[in-house]
Amino acid sequence: MAGCLTFAWTLLDYKTEKFVIAKNKKIGILFRLIQLSVIGYLIGWVFLWKKGYQEKEEAIQSSVITKLKGVTLINSTTGPQIWGPEDYVIPPQSHRVPDGLCGQDEDCPEGEIVVAGHGVKTGRCTNTTGTCEIHGWCPVEHSYKPTEALLRRAENFTVYIKNFIRFPKFDFSKSNVLETGNDTYLKKCTYDVDHNPYCPIFRLGDLVSWTGHSFEEMAVLGGSIGVAIEWNCDLDKDYTLCNPQYSFARLDTTSNSSSTSGYNFRYAQYYKDGSEETYRTLYKVFGIRIDIMVNGRAGRFSIIPTVINIGSGLALLGAGVFVCDMLLLYLMPNSSFYREKKFETDKSRGHKKHRDHKGHRDHRDHKDHKSAHHRERRHRKRPAEEQKLKTVTIQN
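Residues numbered from 1 in each chain as written. Predicted model: local features only at pLDDT ≥ 70, side-chain atom pairs only at ≥ 80, totals over all residues. Heavy atoms only, no water.

A. Broad picture of the overall build of the protein chain. Along its length, the protein chain carries 9 helices and 14 strands. The 396 residues of the protein chain split such that 26% are buried. A sequence separation of at least 24 residues applies to 60% of the contacts in the protein chain between residues at least 6 apart. With an accessible surface of roughly 29,400 Å², the protein chain has 55% of that area assigned to carbon and sulfur atoms. (Helix = DSSP H or I, 4+ residues; strand = E, 2+ residues; numbered from the N terminus. Buried < 20%, exposed > 50% of the residue type's maximum accessible area, 1.4 Å probe, protein only. Contact = heavy atoms within 4.5 Å. Areas by Shrake-Rupley, 256 points an atom, 1.4 Å probe, with all protein chains shown as cover.)

Next comes the structure, spelled out in structure tokens:
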């Protein structure tokens, strides 16, 4: 029972830190290095580089509008022609039907689209070719790859990329068009990373060259170019300092094979002759596709992330104290000496109890001694009280 009471009393003990100055230069240098590292990390990386004092927004909302401009002269099968944006900017549409082999009519169900053909099965198997007869456009398309670019001068065409972005958390909106009072700015400027970094008009040949490829080579079989627009805005600074950064890459090439590179699509134009027979002209177009990708993030000062990062830095400083204590108290020579200085138990309460108990015992002994002395005095006086008076006569 006494042991339980003692344990219960120890739960109410309060432990406080005791600071011991250890004249150990190695531990002192290590501790200062840890402090400087933590402070440098907190100020340099967290606050200056990562802007840890800001609240972030990465859910960017974006809209992109593109326009292609340029005119060129081509030599087609029908003679020289002038092509403008209305002729060579076409939404990509493609429909391909696979071929089908057969040995008898039952292999060609009527009305079924073949796995590899160019029409719908009629239900007959052509014995001379061993293929299903189809209902489709004649003649069928033949595979063809161009050997030279039709629009060699298209590298001088310009692409106008208009991008609008918005960060809903901060209610911040902006576009990549430079805000200027000069009405002729967009008519004369062309994007240049050094001289006109905020002009949204790009020369097509430059777009290809910035990907590390040749326009003459890409214009033959086509290709896909990725234009990445990056918005990193510090909203604690001026509105005009939030501007996009562009990067360019070719997307249709692989490191293993070039057989899949290039870009093409098909479209058709329909007409009727004098006898009301329907005809079509099928075009297989090789061109350059531009894919625009928009990313961004914005930040603005907020007290909550600031306090959190400062608290994290203080916790790291505490970790430095812990590491140095472990080395000093358990791994360094004379660690037992430092432990004795570091940890000390206050025994004043126990000494007080001992003094109180001793005083109580001395008081009791003194009281008993005083009581015994009083009884002794009473014992000595009692015989004198019992004596009788006698008359004594003295004779001379």
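B. Examining the environment of G299 more closely. For G299, the position within the fold is in strand β14 (residues 288–301). Here G299 falls in the buried class, since its relative accessible area comes to 1%. Aside from chain neighbours lying at most four places away, what touches G299 is Q54, E55, K56, F170, C233, D234, L235 and D236.

C. Focus on the side chain of S335. Its place among the elements puts S335 in helix α8 (residues 335–342). Those residues in contact with S335, other than ones at most four positions away along the chain, are L328, L329 and Y330.

D. The arrangement of the pairing of strand β10 (residues 223–234) in detail. The element β10 is extensively covered by neighbouring structure, given that 10 of its 12 residues are classed as buried. Here 12 bridges tie β10 to β14, and the two strands are oriented parallel to one another. Among the inter-strand pairings, N232 is bridged to a residue of β14, identified as R297. When β10 meets strand β11 (residues 244–250), the two strands line up antiparallel, connected through 7 bridges. Bridge pairing in β11 links E230 to Q245. (Pairing = 2+ DSSP bridges.)

E. A look at the confidence of the model for the protein chain. Of the residues in the protein chain, 74% reach a pLDDT of 70 or more, and the chain-wide mean stands at 77. By mean pLDDT, helix α9 (residues 348–386) is the weakest element of the protein chain at 51, and strand β9 (residues 201–203) is the strongest at 93. Every residue in residues 92–99 is under pLDDT 50, and counting partners more than four places away or in other chains gives 23 contacts. Note that pLDDT drops below 50 for residues 378–396; the model gives that stretch 0 contacts with residues more than four away or on any other chain. (pLDDT = per-residue confidence, 0-100.)

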